Amino acid sequence: MNTQNENGHMLLFSSNEWYKKLSHEELQKVISQAKAWFDRLNALGKVKGGQALARKGAILSGRNGRSVSDGPFAESKEAIGGYLLLEVETLEEAIEIARTNPALAYGASIEIRPVAEECPLNTWARESALQEQLANA
Amino acid sequence: MNTQNQNGYMLLFRGTELRKSLSPEEMQKVSEDWMAWFRRLTEEGKAVAGNPLEREGKIVSGKERVVSDGPFAESKEAIGGYFLLDVATMDEALAIAKKCPGLPYGICVEVRPVAGECPIGAEARTEAQFAQV
C-alpha cells in the first residue's frame, strides 16, 4: 500500500469523554502536556492547522438540509473534539505523531486520515466509467 | 437562537461513501456540483479551507497506543471531508451547509463552531472556580 501523500494527513480527536474520569490535577497536567505537544509540533513545522471544536453544533440531513437536529451527542463514538492537519507525507509518520499525544494515556483515541488529492466521488466516477469502457470493448 | 462565533465554523461531511447508491454519471455530477460549491464559497471568502479525506485510515487509542484500522468507511458517520468557514453566525453556517450537493443522496453535514480554546480546558477552569467557592 502506497502511504505517501503530498496533501498531508489529518488527525481527528475523539471526544469520548475520556477526561471525565480524571482528577483535577490530572486534568491540568494533561492540558498542559497537550499544549506542549502541539507547540512542539508547530515549532517543527509539522502543523498546517488545528482547532478545537465547541461541543454543541447541529446535524443536517435530507434534501436542502431540511432536517436539523442538535449534535453531536457526547456519547457518540464518532464525536470529534478537534482536529490537527499535519504537514507530513506518510501515514506512518502521522501515526507516530498521533501515538505521542498525551491524552492517549487517559483513554482518548485519535483517527488518522490521509487528505485526498481529489473528491473520491470524482475518482470513483472515473474508475467506473473506465471499467464500463473495458467491459464494452 | 443565532449564536455568534469569531472563530468560524467547521462543516464535517458524514456518510459520503455513495458508491453503492449512485451511478457513475450521478457521482460525476455530485462531485462537480460540490467542487463548484466550494469554489464559490472560497471566492466569497466564506470558505477558508476544505479537503476530502481518503477512506483508508487508522485509529490510535488508549494507554497502549494500539494502532487499528480506521472506522468503517461505509458507515453513515464516517467523515469524508470538511470545510472551514469564515462566517460569524451559526445561522449563516447552517444556510451554507444546506446547500451541500450530497444531502439529497443521504449524507449528513455536521456543523460545529470552532472553539477559541479546548473545551476541556475551559470546563476544568469553570469547575475549579466552583470548587473554590
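Everything in this summary refers to the structure shown in the same document. (Residues numbered from 1 in each chain as written. Chains lettered and ligands numbered in written order. Predicted model: local features only at pLDDT ≥ 70, side-chain atom pairs only at ≥ 80, totals over all residues.)

### Points about the overall build of chain B
Assigned secondary structure in chain B consists of 3 helices and 6 strands. Seen in sequence order, chain B has helices and strands lined up from the N terminus as β-α-β-β-β-β-α-β-α. Relative to the 2.2 N^0.38 estimate, which gives 14 Å for 133 residues, the radius of gyration of chain B is 18 Å and therefore markedly larger than a compact globule would have. Along the three orthogonal principal directions, the C-alpha set of chain B runs to about 65 × 40 × 20 Å. When burial is assessed residue by residue, chain B has 37% of its 133 residues classed as buried. Looking at chain B alone, contacts between residues at least 24 apart form 78% of all its contacts between residues at least 6 apart. (Helix = DSSP H or I, 4+ residues; strand = E, 2+ residues; numbered from the N terminus. Rg over C-alpha atoms; globule rule 2.2 N^0.38 Å. Buried ≥ 20, exposed ≤ 12 C-beta atoms within 10 Å, placed from the backbone. Contact = placed C-beta atoms within 7 Å.)

### So, the interface of chain B and chain A
Contacts between the two partners involve 52 residues from chain B, matched on the other side by 51 residues from chain A. Breaking the side of chain B that touches chain A down by element, the ones donating at least two residues are strand 1 (9-14), helix 1 (24-43), strand 2 (47-52), strand 3 (58-61), strand 5 (79-85), helix 2 (90-97), strand 6 (108-115) and helix 3 (119-132) of chain B. Examining the composition of the side of chain B that touches chain A, we find that 8 residues originate from one element, strand 6 of chain B, more than from any other. Here the side of chain B that touches chain A is built from residues that sort into 32 nonpolar, 9 polar and 11 charged. Bridge analysis of strand 6 (residues 109-114) of chain A against strand 3 of chain B gives 4 bridges, and the strand direction is antiparallel. Among the inter-strand pairings, Ile112(A) is bridged to a residue of strand 3 of chain B, identified as Lys58(B). (Nonpolar A, V, L, I, M, F, W, Y, C, P; charged D, E, K, R; others polar. Pairing = 2+ DSSP bridges.)

### Focus: the environment of Met27(B)
Within the fold, Met27(B) resides in helix 1. Once residues lying within four places of it in the same chain are set aside, the contact partners of Met27(B) are Leu121(A), Trp124(A), Ala125(A), Leu18(B) and Leu22(B).

### Notes on the nonpolar core
Of all hydrophobic cores here, the largest spans 61 residues; its most connected members are Leu11(A) and Leu11(B). Excluding its chain neighbours within four sequence positions, the residues that come into contact with Leu11(B) are Tyr82(B), Phe83(B), Leu85(B), Ala97(B), Val109(B) and Val111(B). Judged by nonpolar contacts, the second largest core, of 8 residues, contains Cys119(A), Leu121(A), Ala125(A) and Trp34(B). (Core = buried A, V, L, I, M, F, W, Y, C linked by C-beta atoms within 7 Å.)

### Examining the pairing of strand 6 of chain A
Burial analysis of strand 6 of chain A places 6 of its 6 residues in the buried class, the great majority of the element. By the alternation rule, side chains of strand 6 of chain A split into Ser109(A), Glu111(A) and Arg113(A) and Ile110(A), Ile112(A) and Pro114(A), which are all buried.

### Comments concerning the packing of helix 3 (residues 120-136) of chain A against helix 1 of chain B
Contact geometry of helix 3 of chain A with helix 1 of chain B gives a least axis separation of 8 Å together with a crossing angle of 150°. In terms of orientation, helix 3 of chain A and helix 1 of chain B fall into the roughly antiparallel class. Handedness of the helix 3 of chain A/helix 1 of chain B crossing: left-handed. Here Leu121(A), Asn122(A), Trp124(A), Ala125(A), Ser128(A) and Ala129(A) of helix 3 of chain A lie close against helix 1 of chain B, whose contacting residues are Pro24(B), Met27(B), Gln28(B), Val30(B) and Ser31(B). (Axes fitted to C-alpha atoms, helices over the stretch in contact; angles between N-to-C directions. Parallel < 35°, antiparallel > 145°, perpendicular 65-115°, else oblique. Left-handed = near helix turned anticlockwise from the far one by under 90°.)

### Notes on unusual backbone geometry
In this structure, Asn64(A) takes a positive phi of about 60° despite not being glycine. Take Asn64(A): it is sitting in the loop between strand 3 (57-61) and strand 4 (67-71). The class for Asn64(A) is exposed, based on 11 C-beta atoms found within 10 Å. The phi dihedral of Arg65(B) falls on the positive side, at around 50°, and the residue is not glycine. Among the structural elements, Arg65(B) can be located in the loop between strand 3 and strand 4 (66-69).

### A look at helix 3 of chain A
Along its 17 residues, helix 3 of chain A runs 24 Å from first to last C-alpha, staying within 8% of the 24 Å computed at 1.5 Å per residue. Among the residues of helix 3 of chain A, those classed as buried are Pro120(A), Leu121(A) and Ala125(A). With its buried residues spanning 135° around the axis, helix 3 of chain A presents them on a single face. For helix 3 of chain A, the exposed residues set more than 90 degrees away from the buried face come down to Leu130(A), Gln133(A) and Leu134(A). Those residues of helix 3 of chain A that are buried are in contact with helix 1, strand 2 and strand 5 of chain B. (Expected span 1.5 Å × (residues − 1). Arc of directions from axis to C-beta.)

### Focus: helix 1 of chain B
All names here are of chain B. Under the 1.5 Å per step criterion, the end-to-end length of helix 1 is 28 Å for 20 residues, consistent within 8% with the ideal 28 Å. Within helix 1, burial applies to Met27, Val30, Ser31, Trp34 and Leu41. All buried residues of helix 1 project into a common sector of 100° when viewed along the axis, lining one side. For helix 1, the exposed residues lying more than 90 degrees away from the buried face are Glu25, Ala36, Arg39, Arg40 and Glu43.

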